[in-house]
Amino acid sequence: MTAARVIVVGAGVGGLTSALELAARGLDVLVLERAAHPGGKMREVVVGGVAMDAGPTVFTMRWVFEELFDAIGARLADHLRLQPVSVIARHAWSERERLDLHADVQRSADAIGALAGAAASRGYLEFCARARRIYRTLETPFLRGSRPNPMSLAHRVGFAGLPDLLRIAPMSTLWHELGRHFADPRLRQLFGRYATYCGSSPFLAPATLMLVAHVEQDGVWMVEGGMHRVAQALAALATQRGATLRCNAMVDRVLVRSGRACGVRLANGEELLADAVVFNGDVAALATGLLGADAARAATLPPAERRSLSALTWNLLAPTSGFPLSRHTVFFSGDCAREFDDLSTHARLPSDPTVYVCAQDRSDDDHDAPGGAERLLLIVNAPATGDAGAPTDEELTRCEARTFHTLQRCGLTVQRRPEHSLLTTPRDFARLFPATGGALYGQASHGWTASFSRPGARSRMPGLYLAGGSVHPGPGVPMAALSGRQAAASLIADQRTASRRPSTSTSRPRVMPGGTSTR
Ligand SMILES: Cc1cc2nc3c(=O)[nH]c(=O)nc-3n(C[C@H](O)[C@H](O)[C@H](O)COP(=O)(O)OP(=O)(O)OC[C@H]3O[C@@H](n4cnc5c(N)ncnc54)[C@H](O)[C@@H]3O)c2cc1C
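Quick summary incoming for the structure in this document. Since the model is a prediction, treat every value here as computed from it, not as a measurement.

## Here we look at the nonpolar core
Next up, step 1: Residues Phe65 and Phe191 are the most contacted members of the largest nonpolar core, which totals 98 residues.
Next up, step 2: If you tally residues by element for this core, the top one is helix α4 (residues 118–143), at ten residues.
Next up, step 3: Not counting the four nearest positions on each side in its chain, Phe191 is found in contact with Leu101, Ile112, Tyr124, Phe127, Leu174, Leu178 and Phe182.
Next up, step 4: Membership of the second largest hydrophobic core comes to 26 residues, among which are Val251, Val264, Phe279 and Ala285.

This is the structure:
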């Protein structure tokens, strides 16, 4: 019996995870990636002759990767060097107002007490306990499970877990519930920022997203060599287990026969046949018909107004002074409500942005600061309007000035040189991730039903599976990996069921006329 052939479209975290798991289980896997390198959003760019991360920087939920590697008989530690941080992130509102959140909850509570008083410190401890409860309530039935609906989620949680589910207050917004724990607007702003981890506004996202606080509390790691190493490690291991990775291979059609996905066509016209296809691009690309009219029926097109946020990012090689950057530092907007009003209501760049800075050459140890120019990634949230020609160059120039003004206000000077700077805008992200307008996290998590409206691993078309941040359980590196595992598990389960059924077709398609190949 020959191994089933699977084509994975896209070498982002979700696609690579699927490919690795399927190849390790003996399936014949071909990964097709339009970019020159695997990784997708987990990109690396070269600025001033130096490679640096241009996508995710915060590595959490290590257990997802431990379990993945265990499942295929490998050890994560043999492939990636991970170092836990003791300072999760440094936060600044001005030159005088700074706060470190530590891996140690009590140290964070003490730091919060010093910034905002004893009541804030107590509020923080209560908030942590609540975030932990929410996470524990949802980990198995939601994160690890196939896409639920509200009823099936309640069923999975079980009668005993229902009070916990109700206590999550899913109908209430994150912003509202944070108000119960924090009277100080700075702390509400800090923990409200967790909504942006899935490209959403804290004023519209459900309180459920408090669980992000627990995820970070559970551990943030630095990846030796940068986050892009995670993608390289997954790709190398998938290849070792027999998968083939073809980069610079743009898929422009999912081939369909008798209502079932049976392969893909590349932009150069080459057709490749398969028993099943895993699509790792954004589901909006499928639904808008970018992969053909047949495949468009496999997914529902999310309305553009439901898009998650995009970003402006600056990769810089530059000396800094005046502020002790940690590995992860957040410089806050002076007006949180206005920032999200700009982003969500007006779909425009924030006039007073919050700026996240990853200082890749630093650990969380202040004595560890590099001398001279260092690698920096600055991220500012932006609306996903990249396919509507926005923002304009003038708007970008204005936002850039305000971004560096925010840093300056908090004491940080960055000595930028244009030749050592790379700006990526929503227009660039829209080009890199087609049909998204630059949205980086699929649909926004706005409203309590949003978590249930992402598609699951099985698309509406037999033989076509979905993996990635636009799919259940949602965006973020570990979540995309979970979705990749779910796509692989669904595919294997369906193959098993099909193999038990009496065969109706005489043979599996292999070679089509006109130079179609099976590899
Ligand atoms: C600036 C930034 C910062 C972030 N920070 C964090 C963070 O700190 N921590 C965290 O956990 N997450 C973070 N994220 C989110 C995280 O990076 C993503 O959720 C995750 O990497 C998405 O993985 P994915 O599986 O959806 O694949 P993607 O990364 O979306 O990759 C999909 C791949 O499919 C390819 N593709 C699409 N269509 C086709 C086609 N037709 N033919 C061939 N190939 C195709 C694309 O080229 C791409 O390589 C960040 C994202 C960004 C952009």
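## Some remarks on the environment of Asp393
Next up, step 1: Within the element layout of this structure, Asp393 appears in helix α13 (residues 393–409).
Next up, step 2: Given the relative accessible area of 53%, Asp393 is considered exposed.
Next up, step 3: For Asp393 and Asp78, which are 315 residues apart along the polypeptide, the C-alpha to C-alpha distance reads 46 Å.
Next up, step 4: At 3.0 Å, the side chain of Asp393 forms a polar contact with the side chain of Arg427.

## Some remarks on the state of the cysteines
Next up, step 1: Applying the stated rule across the entire model yields zero disulfides.
Next up, step 2: Summary of cysteine pairing: Cys128 is not part of a disulfide, and the nearest cysteine sulfur, belonging to Cys198, is at 19 Å.

## Topic: the pairing of strand β7 (residues 98–102)
Next up, step 1: Counting buried positions along β7 yields four of five residues, so the element is predominantly enclosed.
Next up, step 2: Examined bridge by bridge, strand β6 (residues 87–92) and β7 share five bridges and lie antiparallel to one another. When the sheet's bridge partners are listed, Arg90 is paired in β7 with Asp100.
Next up, step 3: Between β6 and the antiparallel strand that follows it, β7, lie five residues.

## A few points about the sheet that holds strand β13 (residues 276–279)
Next up, step 1: With parallel pairing, five strands are arranged side by side in an open sheet as β9-β2-β1-β13-β21. The open sheet has two edge strands, β9 (244–246) and β21 (464–466), and neither has a second partner. Taking the axes of each pair of neighbouring strands and ignoring which way they run, one obtains an average angle of 20° across the sheet.
Next up, step 2: The pairing of strand β1 (residues 5–9) with strand β2 (residues 28–32) spans five bridges and is parallel. Within β2, the residue paired with Arg5 across the bridge is Asp28.
Next up, step 3: Strands in contact with helix α1 (residues 13–24) are β1, β2 and β13; relative to β2, the strand with the most contacts, it is inclined by about 165°.
Next up, step 4: This element, helix α16 (residues 477–500), spans β1, β13 and β21 of the sheet and lies at about 155° to β21.

## Comments concerning the packing of aromatic side chains
Next up, step 1: Scanning the model with the defined rule gives 14 aromatic pairs in all.
Next up, step 2: Where Phe59 meets Phe65, the ring centres are 5.4 Å apart and the plane angle is 35°; that geometry is what we call tilted. With respect to class, Phe59 is no different from Phe65; both count as buried.
Next up, step 3: With a centroid separation of 4.9 Å and 20° between ring planes, the pair formed by Trp93 and Phe332 is classed as stacked. Residue Trp93 is located in the loop between β6 and β7, and its partner Phe332 is located in the loop between β16 (328–331) and α12 (336–345); the two are separated by 239 residues in the primary sequence. Each of the two residues, Trp93 as well as Phe332, counts as buried.
Next up, step 4: The positively charged end of Lys41 is found above the aromatic ring belonging to Phe433, 4.3 Å away from the centroid.
Next up, step 5: The ring centre of Trp93 lies 6.0 Å from the NZ or CZ of Arg186, which sits over that ring.

## Thoughts on α1
Next up, step 1: Spanning twelve residues, α1 covers 16 Å between terminal C-alpha atoms, matching the ideal 16 Å at 1.5 Å per step.
Next up, step 2: The element α1 is extensively covered by neighbouring structure, given that eleven of its twelve residues are classed as buried.
Next up, step 3: For α1, the full list of buried residues reads Val13, Gly14, Gly15, Leu16, Thr17, Ser18, Ala19, Leu20, Glu21, Leu22 and Ala23.
Next up, step 4: Immediately downstream of α1, the backbone of Gly26 shows phi near 90°, a positive value.

Calculation criteria
- Residues numbered from 1 in each chain as written.
- Predicted model: local features only at pLDDT ≥ 70, side-chain atom pairs only at ≥ 80, totals over all residues.
- Heavy atoms only, no water.
- Core = buried A, V, L, I, M, F, W, Y, C linked by side-chain atoms within 4.5 Å.
- Buried < 20%, exposed > 50% of the residue type's maximum accessible area, 1.4 Å probe, protein only.
- Helix = DSSP H or I, 4+ residues; strand = E, 2+ residues; numbered from the N terminus.
- Contact = heavy atoms within 4.5 Å.
- Polar contact = N/O pair within 3.5 Å; in protein donor to acceptor, adjacent residues only side chain to side chain.
- Disulfide = S-S within 2.5 Å.
- Pairing = 2+ DSSP bridges.
- Axes fitted to C-alpha atoms, helices over the stretch in contact; angles between N-to-C directions.
- Phe/Tyr/Trp six-rings, centres within 6.5 Å; stacked < 30°, edge-to-face > 60°.
- Lys NZ or Arg CZ within 6 Å of the ring centre and 35° of its normal.
- Expected span 1.5 Å × (residues − 1).

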